[in-house]
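# Report on the structure
As a plain string of letters, each chain reads:
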Amino acid sequence: MQGVHFLLSLLVLGLASSFASAYDPSPLQDFCVAVKDSEIKSALFVNGKFCKDPKDVTANDFFFSGLDKPGNTSNRVGSNVTQLNVDKIPGLNTLGISLARIDYAPYGLNPPHTHPRGTEILVVVEGTLEVGFVTSNQQDGSNKLFTKILNKGDVFVFPVGLIHFQFNRGYTNAVAFAGLSSQNAGVITIANAVFDSDPRINPDVLTKAFQVDKNIIDYLQKQFWVDNNN
Ligand SMILES: *[C@@H]1O[C@H](CO)[C@@H](O)[C@H](O)[C@H]1NC(C)=O
Ligand SMILES: *[C@@H]1O[C@H](CO)[C@@H](O)[C@H](O)[C@H]1NC(C)=O
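Per an unreviewed UniProt entry, the protein chain carries the name Germin-like protein and comes from Ziziphus jujuba var. spinosa. What UniProt states about the protein chain under its Sequence similarities (unreviewed entry) heading is, verbatim, "Belongs to the germin family."

The next thing to look at is the site of ligand 1. Within the structure, ligand 1 sits among Gly71, Asn72, Asn75, Asn80, Val226, Asp227 and Asn230. Take asparagine 75: an N or O atom from its side chain is 2.8 Å from an oxygen atom of ligand 1. For ligand 1, an oxygen atom lies 2.3 Å from a polar atom in the side chain of asparagine 80. In the complex, 55% of the free accessible area of ligand 1, which totals 370 Å², lies under the protein chains. Partitioning the shell around ligand 1 into residue classes produces one nonpolar, five polar and one charged. Formed jointly, the shell around ligand 1 draws a minimum of three residues from each of two domains, domain 1 (2–186) and domain 2 (187–230).

What follows covers the sheet that holds strand S7 (residues 155–158). Through backbone hydrogen bonds, the strands of a sheet pair up, either in parallel or in antiparallel fashion. The strand order across the open sheet built from five strands is S1-S2-S9-S4-S7, with neighbouring strands paired in antiparallel fashion. Either end of the sheet is taken by a strand with one partner, and the two such strands are strand S1 (79–84) and S7. This sheet shows a mean twist of 20 degrees between the axes of neighbouring strands, independent of strand direction. Pairing of strand S2 (residues 98–104) with strand S9 (residues 174–180) involves seven bridges; the strand directions are antiparallel. For serine 98, the partnering residue across the bridge sits in S9 and is leucine 180.

N-capping of helix H3 (residues 203–210) is provided by asparagine 202, with a side-chain oxygen placed 2.9 Å from the backbone N of aspartate 204. Positive backbone phi, approximately 55 degrees, marks glutamine 211, located one or two places after H3.

With that out of the way, let us pick up the pattern of salt bridges. Working definition: two side chains of opposite charge can pair if their charged atoms are close together. Under the defined criterion, the tally for this structure stands at nine salt bridges. With a closest N to O distance of 3.0 Å, aspartate 61 and lysine 52 form a salt bridge.

Time to look at empty space enclosed by the protein. Evaluated as defined, the whole model comprises one cavity of 30 Å³ or more. Estimates place the volume of the largest cavity at around 140 Å³. Surrounding the largest cavity, 19 residues form its lining, Val81, Gln83, Ala100, His115 and Leu180 being those nearest its centre. If you tally residues by element for the lining of the largest cavity, the top one is S2, at four residues. Of the residues assigned to the lining of the largest cavity, the class counts are nine nonpolar, nine polar and one charged.

The rules we used
Here the residue numbers are simple positions, counted from 1 along each chain's written sequence. For this description, chains carry letters from A and ligands carry numbers from 1, given in the order in which they are written. Side-chain atom pairs in this predicted model are given and counted only at pLDDT of 80 or more, local residue features only at pLDDT of at least 70, and totals for whole chains, interfaces and linings cover all residues. Note: side-chain values were computed over all heavy atoms of the structure, leaving out hydrogens and water. UniProt positions are given in the numbering used here, feature names are shortened, and annotations may be inferred rather than shown by experiment. Whether a residue is near a molecule or strand depends on its heavy atoms: if one lies within 4 Å, it is near. Polar contacts here mean pairs of N or O atoms no more than 3.5 Å apart (in protein, one a potential hydrogen donor and the other a potential acceptor; neighbouring residues in sequence count only if both atoms are side-chain atoms). With residues, only the protein chains shown are counted as cover, and all accessible areas are computed by Shrake-Rupley using a 1.4 Å probe. In this classification, the charged set is Asp, Glu, Lys and Arg, the nonpolar set is Ala, Val, Leu, Ile, Met, Phe, Trp, Tyr, Cys and Pro, and all remaining amino acids, among them Gly, are polar. Segmentation of the chain into domains, including their bounds, is taken from an automatic or database domain assignment. Paired strands, in this sense, are two strands between which DSSP finds at least two bridges. Going along the chain from the N terminus, every DSSP run of H or I of four or more residues is numbered as a helix, and every run of E of two or more is numbered as a strand. Lines fitted to C-alpha atoms define the axes here, with helix axes fitted over just the stretch in contact, and angles between the N-to-C directions of these axes take values from 0 to 180 degrees. The working definition used for a salt bridge is a side-chain nitrogen of Lys or Arg within 4 Å of a carboxyl oxygen of Asp or Glu. Put plainly, a pocket is an open set of points on a 1 Å grid over the protein atoms alone with protein on both sides within 12 Å along at least five of seven lines, a cavity is a set where a 1.4 Å probe fits but cannot get out, and a lining residue has an atom within 4 Å of a point. Grid points are joined across faces, edges and corners, and a volume is the space filled by probe spheres set on the points.

Next up, the structure:
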């Protein structure tokens, strides 16, 4: 009996803390710098988007047409991500979910990237993909790779924030759809962020970080790094 009470108390405590932590919304964009009350007129952004007057809302606010059309994969990485986030479907605001279609040319790659605000669940509808994600730094200093070959109908999950990729192993085109647990999950393409930032990161920083000759960093910083996200 005492055990039951103990379990009930734990349950109540758990619920209380989940209510408490449900108060602050998670970030919905990269940053949301506070403004002083006296400067409030210059505050144009909120965490998320402003809400439309409900009486002006129509079915089209929750609608998108054209996801049957493949993205153009004629680019350096041979892939194209069509994102349907809150910018494309305004009705997604505050709902914590979005969608993407990803097309891959033969040997096309959706290069290593992370979604800072969303977990991804991906389903392959055509072709064969080699996919994987890498954990954050573990206590022993390692980063563990979880990888899998996916065929049509296979599903894989990429946990929020972790670096992941998909590579088309087949001779055919490949197509996947992905759900993301944010209205604006964000994308950080690793190579682009590191070698193509604006302005460039000091090459001495990258030379030391990657433990290579400076001319390799110079070479990488001069490349054209395509963003395959639309
Ligand atoms: C992705 O596909 C769309 C639609 O075809 C195209 O407008 C866009 O330029 C493509 N992006 C890249 C990076 O190839
Ligand atoms: C795809 O993009 C390439 C490179 O920008 C372009 O030459 C080609 O016409 C595009 N294909 C389609 C179907 O739009």
